[in-house]
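Examination of the molecular architecture
Here is how the chains run, residue by residue.
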Amino acid sequence: MPSNLKRDLGLSETFAVAVGAMIGSGIFILPGIAWVLAGPAAVAAFVIAAILVLPAALAVAEMSTAMPEDGGPYLYVERSMGPLLGTVAGVGTWLMLSLKSALALVGGVPYLVYVSPTLEQFVLPLAISLAVFFTLLNLLSAEGSGKLQFGIVAVLVLILGALVVSGAPDIQFDRTGGAFDPRTDGILAATAIVFISYAGLTKIGAVAEEVKDPGRNLPLAIVGALGFVAVIYALIVYLAIGVLDIQSAIDSGALTPEGEGPIIALVADQTLGVVGVFAIVLAALLALASTANAGLLAASRFPFAMARDGVFPDRFETVSERFATPMPAILLSGAVLVAMVFLPIQQVAAFGSAFQILVFILLNVALIGFREGAIPEYDPAFEVPLYPWMPLFGILGGAVVLSYMSLVAILGALGIAALAVVWYLGYVRYYRGGVDRESAVRTGVRQSVGASAVERTRQLFDSNREYDVLVAITEQTSERARQDMVRIATDLGRLRTTVVSVIEFIDVPDHLFPERNPRVSRSPVPDWVTETAPEWYPREPESARSNGGDARGNDGDKPASALQTSPSAAPDTSIEYRHIDSEDHTEAILDVATYEGIDLLLLERQTGETISRLLGRSEVERVLRNAPCDVALVEDRGFETVNEIAVTNRGRGPYDPLKLLLADAIAEETGAEINLIQAVPEDAPPRRREAAETYHAELISVLTVPARSTVLETDAPLEGIARFVGQADLLVTGISRGGFRDRLGLSASHELVESVDCTAIIVQTRDARRKSLIERFLMEYLF
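Residues numbered from 1 in each chain as written. Predicted model: local features only at pLDDT ≥ 70, side-chain atom pairs only at ≥ 80, totals over all residues. Heavy atoms only, no water.

1. Topic: the overall build of the protein
Here is the rule: For helices the rule is a DSSP run of H or I covering at least 4 residues; for strands it is a run of E covering at least 2, with both sets numbered from the N terminus onward. We call a residue buried when its accessible area falls under 20% of the maximum for its residue type, exposed when it is over 50%, and partly exposed in between, using a 1.4 Å probe and counting protein chains only. Should any heavy atoms of two residues lie within 4.5 Å, those residues are counted as being in contact. Using a 1.4 Å probe, accessible areas were evaluated by the Shrake-Rupley method; residue-level cover was limited to the displayed protein chains.
Within the protein, the secondary structure is distributed over 33 helices and 14 strands. Going through the 783 residues of the protein one by one, you find that 58% of them count as buried. Taking contacts inside the protein between residues at least 6 apart in sequence as the whole, the part at least 24 apart equals 84%. Summed over all atoms, the accessible surface of the protein reaches about 30,900 Å², with 58% contributed by carbon and sulfur.

2. Things to note about helix H17 (residues 327-341)
In an α-helix, one full turn covers 3.6 residues, which means residues spaced three or four apart are oriented alike. Counted only if it meets this: Any helix carries an expected span of 1.5 Å times its number of residues minus one. Taking the helix axis as origin, the arc is that swept by the directions to the C-beta atoms.
For H17, which comprises 15 residues, the first-to-last C-alpha distance of 21 Å matches the rise-based estimate of 21 Å (1.5 Å per residue) to within 8%. Residues Ala329, Ile330, Ser333, Gly334, Val336, Leu337, Met340 and Val341 constitute the buried set of H17. The arc enclosing the buried residues of H17, seen along the axis, measures out at 160°, which places them on a common side.

3. So, the packing of helix H14 (residues 263-271) against helix H15 (residues 273-299)
Heads up, the condition is: Lines are fitted to the C-alpha atoms to define the axes, a helix being fitted only along its stretch in contact, and any angle between axes, read from their N-to-C directions, falls within 0 to 180 degrees. Note that the term roughly parallel is reserved for angles under 35 degrees, roughly antiparallel for angles over 145, roughly perpendicular for angles of 65 to 115, and oblique for everything else. Note on convention: the crossing is left-handed when the near helix lies turned anticlockwise from the far helix by less than a right angle, right-handed when the turn is clockwise. For this scheme, ten residues count as nonpolar: Ala, Val, Leu, Ile, Met, Phe, Trp, Tyr, Cys and Pro. Four count as charged, namely Asp, Glu, Lys and Arg, and the remainder, Gly too, count as polar.
In contact at an axis separation of 6 Å, H14 and H15 are set at 155° when each is read in the N-to-C sense. When the interaxial angle is binned, H14 and H15 end up roughly antiparallel. Two packed elements cross with a definite hand, and for H14 against H15 that hand is right-handed. Of the residues in H15, those touching H14 at Ile264, Ala265, Ala268, Asp269 and Thr271 are Gly273, Gly276, Val277 and Ile280. Its residues assigned to classes, the contact of H14 with H15 shows five nonpolar, three polar and one charged.

4. Topic: the packing of helix H16 (residues 301-308) against H17
The geometry of a pair of packed helices is captured by two quantities: the angle between their axes and the separation between those axes. Where H16 meets H17, the axes come as close as 7 Å, and the angle between the chain directions of the two elements is 130°. The angle between H16 and H17 falls in the class oblique. Where H16 crosses over H17, the handedness of that crossing is right-handed. On the side of H16, the interface is formed by Arg301, Pro303 and Phe304, while H17 contributes Ala329, Ile330, Leu332 and Ser333.

5. Concerning the packing of aromatic side chains
Convention followed: Stacked, tilted and edge-to-face are the three classes applied to pairs of Phe, Tyr and Trp rings, where Trp contributes its six-membered ring and a pair requires centres within 6.5 Å; stacked means planes under 30 degrees apart, edge-to-face means over 60, and tilted covers the rest. Counting as a charge over the ring demands two things of the Lys NZ or Arg CZ atom: a distance within 6 Å of the ring centre and an angle within 35 degrees of the ring normal.
Summed over all chains, the structure comprises ten aromatic pairs. Judged by centre distance (5.5 Å) and plane angle (25°), the ring pair of tyrosine 427 and tyrosine 431 falls under stacked. Of the two residues, tyrosine 427 and tyrosine 431 both sit in helix H20 (residues 407-431), four residues apart, roughly one turn of that helix. Of the aromatic side chains, those joined through ring pairs into one cluster are Trp94, Phe312, Phe316, Trp423, Tyr427 and Tyr431. Above the plane of the ring of tyrosine 387 lies arginine 371, whose end atom (NZ or CZ) is 4.3 Å from the centre.

6. Looking at the side chain of aspartate 664
Basically, it comes down to this: Charged residues are defined narrowly, with Lys and Arg counted positive, Asp and Glu counted negative, and His plus the chain ends left uncounted. Here, a salt bridge means any Lys or Arg side-chain nitrogen found within 4 Å of an Asp or Glu carboxyl oxygen.
Note that aspartate 664 resides in helix H27 (residues 657-670). Buried charged residue aspartate 664 carries no salt bridge. Nearest counter-charge: arginine 494, at 9.5 Å. In this structure aspartate 664 touches Phe461, Leu495, Ile674, Leu703, Thr704 and Val705, once residues within four positions along its chain are discounted.

7. Brief notes about the pattern of salt bridges
Side chains carrying opposite charge are able to pair once their charged atoms draw close together. Inspection of every chain in the model, using the stated rule, returns 20 salt bridges. With a shortest N-O distance of 3.5 Å, aspartate 491 and arginine 494 are connected by a salt bridge. By relative accessible area, which is 31% here, arginine 494 ends up partly exposed. Across the salt bridge formed by arginine 708 and glutamate 673, the nearest N and O atoms sit 2.7 Å from each other. Here arginine 708 is found in strand E12 (residues 707-713), whereas its partner glutamate 673 is found in strand E11 (residues 673-680), with 35 residues between them in sequence. Ionic contacts of the salt-bridge type, sharing partners, join the residues Arg605, Glu635, Arg637 and Glu754 into one network.

8. Things to note about the pairing of strand E14 (residues 759-764)
Basically, it comes down to this: Any two strands between which DSSP finds at least two bridges are classified as paired.
Counting buried residues along E14, six of its six residues qualify, which places the element largely inside the surrounding structure. Residues Thr759, Ile761 and Val763 point to one face of E14 and Ala760, Ile762 and Gln764 to the other, with burial holding for every one of them. As paired strands, strand E13 (residues 730-734) and E14 are joined by five bridges and run parallel to one another. By the bridge assignment, glycine 734 is partnered in E14 with valine 763.

9. A short note on the environment of isoleucine 232
Inspection of the secondary structure assignment puts isoleucine 232 in helix H12 (residues 214-243). Here the alpha-carbon distance between isoleucine 232 and isoleucine 23, two residues 209 residues apart in the chain, equals 8.8 Å.

10. Some details on the nonpolar core
To be explicit about the condition: In this description, a nonpolar core means a group of buried Ala, Val, Leu, Ile, Met, Phe, Trp, Tyr and Cys residues linked to one another through side-chain atoms lying within 4.5 Å.
Residues Ile27, Phe28, Met63, Tyr198, Ile264 and Ile280 are the most contacted members of the largest nonpolar core, which totals 143 residues. In terms of residue count, the dominant contributor to this core is helix H4 (residues 42-66) (17 residues). Those residues in contact with isoleucine 280, other than ones at most four positions away along the chain, are Phe28, Tyr111, Ile159, Leu163, Ile264, Ala265 and Ala268. Counting residues in hydrophobic clusters, the runner-up holds 48 residues, among them Leu460, Leu495, Leu658 and Tyr695.

11. Description of the environment of methionine 63
When you line up the elements, methionine 63 lands in helix H4. Residue methionine 63 is classed as buried on the basis of its relative accessible area of 0%. A sequence separation of ten residues divides methionine 63 from proline 73, and the C-alpha atoms of the two residues are 9.6 Å apart. Excluding anything up to four places from it in sequence, methionine 63 contacts Tyr76, Leu363, Ala366, Leu367, Phe370 and Tyr378.

12. Section: unusual backbone geometry
Residue proline 388 is reached from tyrosine 387 by a cis peptide bond, and omega for that bond is 5°. Tracing the backbone through its elements, the reader meets proline 388 in the loop between helix H18 (345-373) and helix H19 (389-403). Even without being glycine, leucine 386 reaches a positive phi, approximately 55°. Mapped onto the elements, leucine 386 comes out in the loop between H18 and H19.

Dropping the structure here:
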């Protein structure tokens, strides 16, 4: 999204922002804490943490070149996984950057006190003054802030380099034994603690819109800064452990039992003397000031980016015409920074560590979302190597490190996430009505689901397996429905080898000692069947017998009368007829479907059985809940002439392939055109409509008859679909697993059938019954 921000951060300034955002607590506060947890292996902990951060660094490098806009983690997560998770990442990271900046400003306390205990009383005023100074500096120019950052980092690196060179001869290698041993007890706990040292790396993505030549400078700055800082950390921590007797420092009170304190100043005191101590104190102050400045520079871009997307109020996307900086966003972030200086930051900062790890995990997930989402607009100048193993490694590594965080830190991170969710639901969804944009993940999953549905449809159309259809006729079946169900069943033979079993189920009075199995009677095919299928002529097989058997075929009788196709017409369909006497025709239908391996059961839809449906005693309800095969209910209102067949998908979700097979077969016989009808919300993003149209186009390429696509934009899908179905001669729709509304006949499918005048076929597949509530919700949410 274009803006009025200047691209005035070159490679050196960008590199300095990234380095300055990391060098701070990692060197001046955490080495002693890591040593208490892992001993000399604290060095390895810093190296392992850098390795675990590498996937997120590479992910940021790739995504920032594809989207060189301000916003950082918020922008990447929001575009990939949607506005809710984007808000969580954005609001949380904004607060964490402000918190870390405030922590950096007051983090020089131990070093100032080490020089002069009387300076402790000036720490808070100095922190507030620096917060105001950096706010004003960022208001005036990002370039000025970046150049100051470069200068701070340059001085800091020179001082630390001098410390390493002068202190190297004093290293006692017996103290550093096992420094790089990853098997040391406590090393993962130490890694979890020092992981936060690299959290500032993602800040560079927040100012991507102000970087010159982002395709080149961003990946170089990000990856280069990570490698550079990892080396600095390893050298300084190795030096501190080798020069300083840390345990003695703890025993003397120079460091706390937890290892907190001016550990690097103690090292300088032994290697460089008083001058070295003052130099390190200066370096510590510069490093913490650098962290605060880089944090404010990056933090202010989060309200700016979120305001552009409607997640924050519009005023925060305003850019100063004079200074070309987002003034309202900077002022807000500066005010938050000043306020956080007064908070018990040491306790609250623990929450930030766990949250930063969550952000690193989300960044790797976001990268996968973009790659798998197949978004045409996503065209990065730099790509993460070893995909997908690199981001998967980052996700797994982050999860492992997170498991070693304290429960309080994890709960704090979840609390920050919950705060962001409340903001999104209250302000974005309720007050502003949501965000009109779709995530790459959702688009990619929809495309994947659509492609899978098309493939299943193609497999059903191309299958050479014999398809067994049972036309179940009871005493309640109307004469017209009998004929039309046979007509529908035999039409399937136009597309695949089909065996149609037309069975009349006759109810007989209950007996005192009921028979275990219903009786099957073989008889000639009645005239109404031959009249329904004039393309077939009756031929009595020599093996036909009229004696009985049971519905399970236990008596071994051969099929009796059959309609065999003539050589010149529909050679892939045969019909057999019989009738079955039973005390419970519904149970008999289910037995035949089960023991004869029926693929599709055709049954007339019954209406006016609300109480029976509610109690689960309706014939149709029992069949829908227990049939081992696909079921098609026919609401027969006559369809002697069929010019258009409407196929719907209950408003949302992919089409069941069986619905398309039935519609295509009937259209083959009647010469009708198929109309694929699907509804999407009125405020649906353009990608959603495009995905639906692409999905329809792919389905139409599978069909064997003329077809067209109708995608409706409506928030009342039932009414919208009904208007288009009203122009059709036949409706083919679907029904999900029988729930409470289905039992009452109040589901969307039943309501749609009742609202139109044409004949309807309601399909329930075995797969639809097996889908859980969550699966059905996801399918409808995606489509």
